[in-house]
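One-letter residues, chain by chain:
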Amino acid sequence: MTSDTPLLPLGTGRLTLADLRRAWRGAVTTGIDAETSGRIAANHQTVCDIVDAGETVYGINTGFGLLARTRIPREDLTALQRNLVFSHCAGTGPRLDDAVVRLMMVLKAASLARGHSGVRTDVVRMLAELINREVYPQIPSKGSVGASGDLAPLAHLAAAMLGVGTVRLDGRTLPAAAALRQIGLAPLQLAPKEGLALLNGTQVSTALALAGLFAIEDAFASALVTGAMSVEAAQGSDAPFDPRLHALRGHPGQIQTAATYLRLLSGSEIRRSHRDCGRVQDPYCLRCQPQVMGAALDLIRAAAETLRIEANAVTDNPIVFAEDATAISGGNFHGEPVAMAADTLAIAGAEVGALAERRIALLVDPNLSGLPAFLVDNSGLHSGFMIAQVSAAALASENKSLAHPASVDSLPTSANQEDHVSMSTFAARRLGELADNLTGIVGIELLAAAQGIEFHRPLRSSELVEHVVARLRQQVPVYGEDRYFAPDITRAKSMVSAGSLNQIVDAVLPSGG
């Protein structure tokens, strides 16, 4: 992280998707201003006043879940919060990667900084300092059902702030206590409600869903480009992208993607060369791209808006209101909005990949594409893209299973106190694998479509498509004969995952408003 890293202000409730994508991509600087600090302090004072008045308020001086009716003596309130954190450190499975943990920490700090969680400013400042110093707790990825928040994984975050568990710092894994000493911080001592405030919330589910959203957005943008390239390789028609067709149906995403395909293909010599051919219609994977990709785009945008709202939300319990000195128990921690958004993204991503795989299958089939079998000369001696298409099919098939909705499942927990749960954490976590599969499919199509275009030389495609082919050729040569194929796919996949084609799409995709 450099000194000129833009500041992400916490507590404003105005984090944008661009802010959140930046936090996912790399290190960020966070902080709170004087106004935010004052608001946090005022709500913390409300908690102190509740304790001083001897009122019984859930999570401040009671047990938790089914034990909410148990009143805890004042002298045990610090132990209550500490015990809560350690008992809830029950996660399992592989650790979340640093990018997701960083994003989750930003979301938790932003939520606490809204001031309605009743914590001290010290808690928010410590969390911000951990983000700024790139100290990332090691958090197991499994163990949350997305109700009462992401209790287990957030407990591992809180434990690290208390000096317990392990963290990553400077690329090394070390004990949390040692890392805190190294950066000059003392372990946090919890005040009333602070452990609960750190554990309650949807920040893990939301961070995982945002990471999935960003990866799917990158793959979607690339799939628009590779879809246009496949039209060129297969000498398909651009007539199905005529704006009049799509205006009559009216779906925004369909209208915008159709316009994008026309712009991507504008000026193509390849298209002009076969404009008067006898082919009447193209297969659906070429002809119906605006209808499928447009529907996916509408779903992606809707899910993105849900996640943007959730990223700025206060989602713990109870929620404190200093203006009338109350703490209200509710259910803002329930992850249903995140779970449904993640399920929507999974469906959209699976369909984008399914369509791309069909285009790859078309290109390798000489009866459909008119190109050499498996996109290689002297096929028979050379197998060309035969098994690359099989790999794409395998990934597309996996994504069909991964797209099964998680939000329709529920298992009661905490002795039936939490009798309906969202499964938002799994719904969001599986997006990582689905997006990686989608990225692989689109990467293979990038290779296959570019290879198909090479067979039409010396004719050239549009300026935009030729720019993409040239960028690919800087890393992957034309497939002239069989060679070790895996590195080609890895390089093409990296172009997709890095968002290398996003700028091209941003320039031609009409705004969604």
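Refer to the structure printed above.
It should be emphasised that the depicted structure is a prediction, and the values quoted were computed from it without experimental measurement. Residue indices follow the written sequence of each chain, beginning from 1 at its first position. For a predicted model such as this one, the threshold for reporting local features is a pLDDT of at least 70, and the threshold for listing and counting side-chain atom pairs is 80 or more; totals across whole chains, interfaces and linings nevertheless cover every residue. With hydrogens and water stripped out, all remaining heavy atoms of the structure feed into the side-chain values.

A. Examining the sheet that holds strand 6 (residues 166–169) more closely. Overall, antiparallel pairing links the three strands, which are arranged 4-6-7 in an open sheet. Only two strands of the sheet have a single partner each, and these edge strands are strand 4 (136–137) and strand 7 (172–175). In this analysis, strands are considered paired if DSSP registers two or more bridges between them. What counts as a helix is a DSSP run of H or I of at least four residues, what counts as a strand is a run of E of at least two, and both are numbered from the N terminus.

B. Spotlight on the pairing of strand 7. In this structure, strand 6 lies alongside strand 7, joined through four bridges in antiparallel fashion. From the neighbouring strand, Arg168 faces strand 7, where its bridge partner is Thr173. Hairpin geometry of strand 6 and strand 7 is characterised by an intervening segment of two residues between the two adjacent antiparallel strands and by a positive phi of about 55° at Asp170.

C. Expanded view of unusual backbone geometry. The linkage connecting Asn317 with the following residue, Pro318, adopts the cis geometry, with an omega of -10°. A cis amide bond, omega 15°, links Arg457 with the succeeding residue Pro458. Assignment of secondary structure puts Pro458 in the loop between helix 18 (424–454) and helix 19 (463–473). The phi dihedral of Phe374 is positive, around 60°, even though this residue is not glycine. Counting through the fold element by element, Phe374 comes out in the loop between helix 16 (366–369) and helix 17 (386–402). Exposure is judged per residue with a 1.4 Å probe applied to protein chains only, and the accessible area is read against the type maximum: over 50% gives exposed, under 20% gives buried, and values in between give partly exposed. Taking relative accessible area as the criterion, Phe374 reaches 26% and is therefore assigned partly exposed.

D. Expanded view of helix 15 (residues 336–364). Each residue after the first adds 1.5 Å to the expected span of a helix. If you check helix 15, its first and last C-alpha atoms are 42 Å apart, about what 29 residues at 1.5 Å a residue would give, namely 42 Å. Counting buried residues in helix 15 gives 23 out of 29 residues, a clear majority hidden from the surface.

E. Structural detail: the environment of Leu210. Following the sequence through the fold, Leu210 ends up in helix 9 (residues 203–233). Under the relative-accessibility criterion, Leu210 is labelled buried at 0%. Considering only alpha carbons, one finds Leu210 and Val376, 166 residues apart in sequence, at a separation of 39 Å. When neighbours within four sequence positions are excluded, Leu210 is seen to be in contact with Leu17, Leu20, Leu103, Leu107, Leu307 and Ala311. In what follows, residue pairs with any heavy atoms lying within 4.5 Å of each other are defined as contacts.

F. Structural detail: the packing of aromatic side chains. Between the rings of Phe, Tyr and Trp (Trp by its six-membered ring), a pair exists once the centres lie within 6.5 Å; its type follows the angle of the planes, with under 30 degrees stacked, over 60 edge-to-face, and the other angles tilted. Tallied over the full model, the rule gives five aromatic pairs. Centroid distance Phe385 to Phe485: 5.0 Å. Interplanar angle 85°. Geometry classified as edge-to-face. Within this pair, whereas Phe385 is found in the loop between helix 16 and helix 17, its partner Phe485 is found in the loop between helix 19 and helix 20 (486–497), the two being separated by 100 residues in sequence. Judged by its relative accessible area of 2%, Phe385 is buried. An aromatic cluster of three or more residues is present, and its members are Phe385, Tyr479 and Phe485.

G. Region of interest: the side chain of Arg271. The topology assignment puts Arg271 in helix 12 (residues 269–273). Counting of polar contacts relies on pairs of N or O atoms within 3.5 Å, with two restrictions inside protein: one atom must be capable of donating a hydrogen and the other of accepting it, and residues adjacent in sequence are counted only when both atoms are side-chain atoms. Here the side chain of Arg271 touches Ser237 through a polar contact of 3.4 Å, side chain to side chain. Residues within four places of Arg271 in sequence aside, it is in contact with Glu232, Gly236, Ser237 and Asp238.

H. Layout of the packing of helix 15 against helix 17. The contact between helix 15 and helix 17 brings their axes to 9 Å, and the two run at 160°. Between helix 15 and helix 17, the angle falls in the class roughly antiparallel. As helix 15 packs across helix 17, the resulting crossing turns out to be left-handed. Where helix 15 abuts helix 17, its residues Ala346, Ala350, Gly353, Glu357, Arg358, Ile360, Ala361 and Val364 lie against Gln389, Ala392, Ala393, Ala396, Asn399 and Leu402. All residues other than Ala, Val, Leu, Ile, Met, Phe, Trp, Tyr, Cys, Pro, Asp, Glu, Lys and Arg, Gly among them, are scored as polar; the first ten of these are nonpolar and the last four charged. Residues of the contact of helix 15 with helix 17, tallied by class, amount to nine nonpolar, three polar and two charged. Angular values range over 0 to 180 degrees, each being the angle between N-to-C directions of two axes fitted as lines to C-alpha atoms, with helices fitted over their stretch in contact. Note on terminology: angles under 35 degrees are roughly parallel, angles over 145 are roughly antiparallel, angles of 65 to 115 are roughly perpendicular, and the others are oblique. By convention the crossing between two helices is left-handed if the near helix lies anticlockwise of the far one by an angle smaller than a right angle, and right-handed if it lies clockwise.

I. Here's a closer look at the state of the cysteines. Whenever a pair of cysteine sulfur atoms sits within 2.5 Å, that pair is classed as a disulfide. With the rule as written, the count across this model stands at zero disulfides. Looking at the unpaired Cys285, the closest cysteine sulfur is the one in Cys288, lying at 9.1 Å. Looking at Cys285, the relative accessible area reads 8%, which means it is buried.

J. Here's a closer look at the pattern of salt bridges. Whenever a carboxyl oxygen of Asp or Glu lies within 4 Å of a side-chain nitrogen of Lys or Arg, that contact is scored as a salt bridge. As enumerated under the stated definition, the model contains 24 salt bridges in all. A salt bridge links Glu466 to Arg457; the nearest nitrogen and oxygen atoms lie 2.7 Å apart. For Glu466, a relative accessible area of 7% corresponds to the buried category. Relative accessible area serves as the criterion here: at 30%, Arg457 is assigned to the partly exposed category. Taken together, the shared-partner salt bridges connect Glu454, Arg457, Arg460, Glu466 and Arg473 into one network.

K. Region of the structure containing a nonpolar patch on the surface. Distance thresholds for patches are 9 Å for like charges and 5 Å for nonpolar side chains (Val, Leu, Ile, Met, Phe, Trp, Tyr), applied to residues having over 30% relative accessible area and no salt bridge. Note that accessible areas follow from Shrake-Rupley with a 1.4 Å probe, and for residues the cover is restricted to the protein chains shown. On the surface, Met386, Ile387 and Val390 cluster together into a nonpolar patch covering about 240 Å² of accessible area. One can find Met386 in helix 17.

L. Quick look at the environment of Ile360. Positionally, Ile360 belongs in helix 15. Residue Ile360 is classed as buried on the basis of its relative accessible area, which comes to 0%. Between the C-alpha atoms of Ile360 and Glu445, which are 85 residues apart in sequence, the distance is 5.7 Å.

M. Local environment of the pairing of strand 6. On strand 6, burial follows the alternation: Val167 and Leu169 on one face are buried, whereas Thr166 and Arg168 on the facing-out side are not. Examined bridge by bridge, strand 4 and strand 6 share two bridges and lie antiparallel to one another. From the neighbouring strand, Pro137 faces strand 6, where its bridge partner is Val167.

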